[in-house]
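Chain and residue survey
The lines below spell out each chain.
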Amino acid sequence: GRTSSVGDGGQRVRPITSGKRVAAALRAIWNLSGRDNPYADWVLVQVGDQVSAMREEIKAESAKLEQMFEKERVRGLNLKVMGSQAPVGVELGFRSPYGFMLADVLLDVDWFARQVKTLVQKDRLSDEEGRLALYQTIKRVRQLFESVAPYQRYLLTDELAPLSRSDFLPGADEQAKKRVYAAKEIFGEVPQAIFVGETRPRHSQRKSYVTPEELALLKAVAAGEFAPAESELGQE
């Protein structure tokens, strides 16, 4: 679904892009990784890193709020984090690990939001402090979700969907070279460690075994020893 709030100064925060839509986009990119698409691996590495960093940040902020609850318990006031009086069960039918990765983010956000709203309701935080805390957290989640859209928009086009590491190798045909040129123009160079498979996403459908010969060839390409004629392609 979508989440909205009021930000610092009372401005309305744009709704967060649907978690289901982002999960579907990541599933599609995860499927591309099975075609040996290095840009798909790069996206998945970035998303995994961003999710890990965000969850650590949210947990750190949540721990600070928990200290406030504990302080009140020591004083004799036991505050219970509010929850829905009629919780609704939802079956998670994600078809990739990344859907469940996003679900964990939303669970962290939900718990943090309920902590904040409880402390506001019990006069441990002001309305303004509560709004600011929620605004900053929602903003981080929205930035993560929206960062996926450009990759999905371009990587899944008919022109770029067939892209694979083999397109970068010597002997690739003209269509392959055009795909490589277009991908580099849009996204830049894939980091060498990701291109050769030394750095892998937490979850990828790329085959796990690469022969020493294949690895040596990929490293040569990554080092620029077999660069496609980008200048010629750019002039077509």
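Before reading further, recall that the structure is shown in the block above.
Calculation notes
Residues numbered from 1 in each chain as written. Predicted model: local features only at pLDDT ≥ 70, side-chain atom pairs only at ≥ 80, totals over all residues. Heavy atoms only, no water. Core = buried A, V, L, I, M, F, W, Y, C linked by side-chain atoms within 4.5 Å. Buried < 20%, exposed > 50% of the residue type's maximum accessible area, 1.4 Å probe, protein only. Helix = DSSP H or I, 4+ residues; strand = E, 2+ residues; numbered from the N terminus. Contact = heavy atoms within 4.5 Å. Salt bridge = Lys/Arg side-chain N within 4 Å of Asp/Glu carboxyl O.

**Some remarks on the nonpolar core**
Nonpolar side chains tend toward joint burial in soluble globular proteins. If you look at the biggest cluster of nonpolar residues, it comprises 49 residues, and the most contacted ones within it are Leu 26, Ile 29, Tyr 39, Phe 112, Val 116, Val 148 and Leu 155. Secondary-structure elements contributing two or more residues to this core are helix H1 (19-33), helix H2 (38-75), helix H3 (97-121), helix H4 (127-155), helix H5 (174-187) and helix H6 (192-195). In terms of residue count, H2 provides more of this core than any other element does, twelve residues in total. Leave out the neighbours within four places in its chain, and Phe 112 touches Ile 58, Glu 61, Ser 62, Leu 65, Ala 133, Leu 134 and Thr 137.

**Re the pattern of salt bridges**
Throughout the structure, instances matching the rule amount to 16 salt bridges. The partner of Arg 55 in a salt bridge is Asp 104, and the shortest N-O contact between them spans 3.8 Å. Of the two residues, Arg 55 sits in helix H2 while Asp 104 sits in helix H3, which places them 49 residues apart along the sequence. Members of the salt-bridge network, linked through shared partners, are Asp 36, Asp 41, Arg 165 and Arg 206.

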